[in-house]
Amino acid sequence: MSSPAGGAVATDVDVTTDLLTETYQTHYTSLLRLAALLLDDVGSCEDVVQEAFIRVHAARSRVREPEKLLAYLRQTVVNLARSTLRRRLLGLRLLPKPLPDAASAEEGAYDALERDALIQALRGLQRRQREVLVLRYYGDLTEAQVAEVLGVSIGSVKAYGSRGIEALRARMEEHR
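What counts and what doesn't
- Residues numbered from 1 in each chain as written.
- Predicted model: local features only at pLDDT ≥ 70, side-chain atom pairs only at ≥ 80, totals over all residues.
- Heavy atoms only, no water.
- Helix = DSSP H or I, 4+ residues; strand = E, 2+ residues; numbered from the N terminus.
- Buried < 20%, exposed > 50% of the residue type's maximum accessible area, 1.4 Å probe, protein only.
- Contact = heavy atoms within 4.5 Å.
- Areas by Shrake-Rupley, 256 points an atom, 1.4 Å probe, with all protein chains shown as cover.
- Patch = residues over 30% accessible without salt bridge, like charges linked within 9 Å, V, L, I, M, F, W, Y side chains within 5 Å.
- Salt bridge = Lys/Arg side-chain N within 4 Å of Asp/Glu carboxyl O.
- Phe/Tyr/Trp six-rings, centres within 6.5 Å; stacked < 30°, edge-to-face > 60°.
- Core = buried A, V, L, I, M, F, W, Y, C linked by side-chain atoms within 4.5 Å.

Helix and strand counts for the protein stand at seven helices and zero strands. Listing each helix as α and each strand as β along the protein from the N terminus yields α-α-α-α-α-α-α. Out of the 176 residues in the protein, the part that is buried amounts to 24%. In the protein, of all internal contacts separated by at least 6 residues, the share reaching a separation of at least 24 is 60%. Split by element, the accessible area of the protein, about 12,600 Å² in all, is 54% carbon and sulfur.

On the surface, Leu89, Leu92 and Leu95 cluster together to form a nonpolar patch covering roughly 300 Å² of accessible area. Structurally, leucine 95 is set in the loop between helix H3 (69–94) and helix H4 (105–123).

Scanning all chains against the criterion turns up two aromatic pairs. Arranged with centres 5.4 Å apart and planes meeting at 50°, the rings of tyrosine 24 and tyrosine 28 form a pair that is tilted. In this pair, tyrosine 24 and tyrosine 28 both sit in helix H1 (residues 17–38), four residues apart, roughly one turn of the helix. By relative accessible area, tyrosine 24 is classed as partly exposed at 28%. Ring centres of tyrosine 24 and phenylalanine 53 lie 4.5 Å apart, and the angle between their planes is 80°; this geometry places the pair in the edge-to-face category. Taken together, the residues span a long stretch of sequence, with tyrosine 24 in helix H1 and phenylalanine 53 in helix H2 (residues 42–58) at a distance of 29 residues. Judged by relative accessible area, phenylalanine 53 falls into the buried class, the value being 7%.

Attention shifts here to the environment of leucine 38. The topology assignment puts leucine 38 in helix H1. Setting aside residues up to four positions removed in sequence, leucine 38 forms contacts with Val78, Ala81 and Leu85.

Core analysis: the biggest nonpolar cluster contains 19 residues, and Val49, Phe53 and Val77 have the highest contact counts within it. Those elements that provide at least two residues to this core are H1, H2 and H3. Among the elements that make up this core, the one with the highest residue count is H2 (six residues). Here valine 77 is in contact with Leu31, Leu34, Ala35, Val48, Val49 and Ala52, once residues within four sequence places are set aside. Membership of the second largest hydrophobic core comes to seven residues, among which are Ala117, Leu122, Leu133 and Met172.

See below:
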(Lines give C-alpha, C1' and ligand atoms only; values in the text may rest on other atoms or scores of the structure.)
Protein backbone atom coordinates (compact mmCIF):
# COMPACT_ATOMS: atom_id res chain seq x y z
CA MET A 1 0.00 0.00 0.00
CA SER A 2 1.31 3.47 -0.79
CA SER A 3 0.65 6.90 0.49
CA PRO A 4 -0.72 9.62 -1.76
CA ALA A 5 2.80 11.02 -2.10
CA GLY A 6 4.01 7.70 -3.47
CA GLY A 7 6.02 6.61 -0.35
CA ALA A 8 5.45 3.52 1.78
CA VAL A 9 3.00 3.75 4.66
CA ALA A 10 4.59 3.38 8.12
CA THR A 11 3.41 0.36 10.02
CA ASP A 12 2.16 0.40 13.60
CA VAL A 13 4.83 -2.15 14.49
CA ASP A 14 8.03 -0.21 15.00
CA VAL A 15 9.75 -3.08 16.83
CA THR A 16 10.67 -5.66 14.23
CA THR A 17 11.64 -9.25 14.85
CA ASP A 18 15.15 -8.36 13.72
CA LEU A 19 15.44 -5.58 16.31
CA LEU A 20 14.15 -7.93 19.00
CA THR A 21 16.65 -10.61 17.95
CA GLU A 22 19.49 -8.08 18.02
CA THR A 23 18.40 -6.86 21.46
CA TYR A 24 18.23 -10.46 22.63
CA GLN A 25 21.77 -11.19 21.47
CA THR A 26 23.17 -7.95 22.88
CA HIS A 27 21.42 -7.83 26.26
CA TYR A 28 20.74 -11.45 27.20
CA THR A 29 23.63 -11.58 29.68
CA SER A 30 22.71 -8.30 31.39
CA LEU A 31 19.08 -9.41 31.72
CA LEU A 32 20.25 -12.73 33.11
CA ARG A 33 22.29 -10.84 35.74
CA LEU A 34 19.22 -8.76 36.59
CA ALA A 35 17.19 -11.93 37.13
CA ALA A 36 20.04 -13.37 39.23
CA LEU A 37 19.76 -10.43 41.62
CA LEU A 38 16.13 -11.36 42.21
CA LEU A 39 16.23 -15.16 42.06
CA ASP A 40 18.53 -17.74 43.55
CA ASP A 41 19.15 -20.33 40.86
CA VAL A 42 20.48 -20.11 37.32
CA GLY A 43 17.75 -22.29 35.84
CA SER A 44 15.00 -20.00 37.07
CA CYS A 45 16.91 -16.95 35.86
CA GLU A 46 17.28 -18.40 32.38
CA ASP A 47 13.60 -19.35 32.31
CA VAL A 48 12.54 -15.85 33.36
CA VAL A 49 14.71 -14.14 30.71
CA GLN A 50 13.53 -16.50 27.98
CA GLU A 51 9.91 -15.98 28.97
CA ALA A 52 10.45 -12.21 28.96
CA PHE A 53 11.69 -12.32 25.37
CA ILE A 54 8.76 -14.52 24.34
CA ARG A 55 6.24 -12.15 25.93
CA VAL A 56 7.85 -9.06 24.45
CA HIS A 57 7.91 -10.73 21.05
CA ALA A 58 4.20 -11.51 21.34
CA ALA A 59 3.43 -7.93 22.45
CA ARG A 60 5.94 -6.10 20.27
CA SER A 61 3.13 -4.24 18.50
CA ARG A 62 2.49 -2.36 21.76
CA VAL A 63 6.07 -1.08 21.95
CA ARG A 64 5.79 2.13 19.92
CA GLU A 65 9.31 3.40 20.51
CA PRO A 66 12.15 1.00 19.64
CA GLU A 67 14.54 2.73 22.06
CA LYS A 68 12.28 1.65 24.94
CA LEU A 69 12.49 -2.03 24.00
CA LEU A 70 15.27 -2.76 26.52
CA ALA A 71 13.39 -0.98 29.33
CA TYR A 72 10.30 -3.00 28.45
CA LEU A 73 12.34 -6.22 28.58
CA ARG A 74 13.87 -5.27 31.94
CA GLN A 75 10.46 -4.56 33.43
CA THR A 76 9.16 -7.88 32.11
CA VAL A 77 12.12 -9.73 33.67
CA VAL A 78 11.46 -8.05 37.04
CA ASN A 79 7.73 -8.85 36.90
CA LEU A 80 8.35 -12.48 35.95
CA ALA A 81 10.94 -12.85 38.73
CA ARG A 82 8.41 -11.49 41.24
CA SER A 83 5.81 -13.95 39.99
CA THR A 84 8.29 -16.80 40.32
CA LEU A 85 9.05 -15.82 43.92
CA ARG A 86 5.34 -15.51 44.74
CA ARG A 87 4.67 -19.00 43.39
CA ARG A 88 7.56 -20.38 45.44
CA LEU A 89 6.29 -18.73 48.63
CA LEU A 90 2.79 -20.01 48.03
CA GLY A 91 4.18 -23.48 47.40
CA LEU A 92 6.15 -23.35 50.65
CA ARG A 93 3.06 -22.30 52.60
CA LEU A 94 1.08 -25.18 51.16
CA LEU A 95 3.73 -27.81 51.93
CA PRO A 96 3.04 -29.96 54.96
CA LYS A 97 5.03 -29.04 58.02
CA PRO A 98 8.26 -31.05 58.20
CA LEU A 99 8.45 -33.76 60.79
CA PRO A 100 10.96 -33.27 63.58
CA ASP A 101 14.29 -34.92 63.00
CA ALA A 102 13.76 -38.59 63.54
CA ALA A 103 16.47 -40.90 64.71
CA SER A 104 17.84 -43.31 62.17
CA ALA A 105 16.91 -46.96 62.43
CA GLU A 106 20.34 -47.71 63.90
CA GLU A 107 19.96 -45.01 66.54
CA GLY A 108 16.47 -46.23 67.36
CA ALA A 109 17.72 -49.79 67.74
CA TYR A 110 20.64 -48.64 69.89
CA ASP A 111 18.29 -46.60 72.09
CA ALA A 112 16.00 -49.61 72.47
CA LEU A 113 18.95 -51.78 73.50
CA GLU A 114 20.08 -49.16 76.02
CA ARG A 115 16.57 -48.87 77.43
CA ASP A 116 16.25 -52.66 77.70
CA ALA A 117 19.64 -52.87 79.43
CA LEU A 118 18.62 -50.12 81.86
CA ILE A 119 15.37 -51.90 82.68
CA GLN A 120 17.25 -55.16 83.25
CA ALA A 121 19.78 -53.36 85.46
CA LEU A 122 16.96 -51.74 87.46
CA ARG A 123 15.30 -55.10 87.96
CA GLY A 124 18.56 -56.41 89.43
CA LEU A 125 18.61 -53.75 92.18
CA GLN A 126 17.23 -54.22 95.66
CA ARG A 127 13.52 -53.37 95.86
CA ARG A 128 13.97 -50.15 97.91
CA GLN A 129 16.81 -48.90 95.70
CA ARG A 130 14.70 -49.51 92.59
CA GLU A 131 11.66 -47.80 94.13
CA VAL A 132 13.68 -44.74 95.18
CA LEU A 133 15.36 -44.36 91.78
CA VAL A 134 12.14 -44.83 89.82
CA LEU A 135 10.16 -42.39 91.96
CA ARG A 136 13.01 -39.87 92.11
CA TYR A 137 14.16 -39.85 88.47
CA TYR A 138 11.27 -41.22 86.44
CA GLY A 139 8.50 -39.92 88.67
CA ASP A 140 10.36 -36.62 89.13
CA LEU A 141 9.56 -36.49 92.85
CA THR A 142 11.64 -34.68 95.42
CA GLU A 143 13.45 -36.61 98.17
CA ALA A 144 10.80 -35.50 100.66
CA GLN A 145 7.98 -36.72 98.37
CA VAL A 146 9.71 -40.08 97.85
CA ALA A 147 10.16 -40.42 101.63
CA GLU A 148 6.47 -39.73 102.15
CA VAL A 149 5.34 -42.18 99.43
CA LEU A 150 7.58 -44.98 100.73
CA GLY A 151 7.05 -44.19 104.40
CA VAL A 152 10.80 -43.81 105.14
CA SER A 153 13.01 -40.94 106.26
CA ILE A 154 14.68 -38.49 103.87
CA GLY A 155 18.04 -39.86 105.01
CA SER A 156 16.97 -43.38 103.98
CA VAL A 157 15.88 -42.05 100.55
CA LYS A 158 19.33 -40.45 100.13
CA ALA A 159 21.10 -43.65 101.17
CA TYR A 160 18.97 -45.94 98.97
CA GLY A 161 19.34 -43.51 96.08
CA SER A 162 23.12 -43.25 96.39
CA ARG A 163 23.63 -47.00 96.67
CA GLY A 164 21.13 -47.65 93.88
CA ILE A 165 22.91 -45.30 91.47
CA GLU A 166 26.27 -46.94 92.22
CA ALA A 167 24.82 -50.41 91.66
CA LEU A 168 23.06 -49.27 88.48
CA ARG A 169 26.27 -47.71 87.18
CA ALA A 170 28.19 -50.94 87.81
CA ARG A 171 25.52 -53.06 86.08
CA MET A 172 25.43 -50.74 83.06
CA GLU A 173 29.23 -50.91 82.75
CA GLU A 174 28.99 -54.70 82.68
CA HIS A 175 26.49 -54.41 79.84
CA ARG A 176 28.85 -52.37 77.68
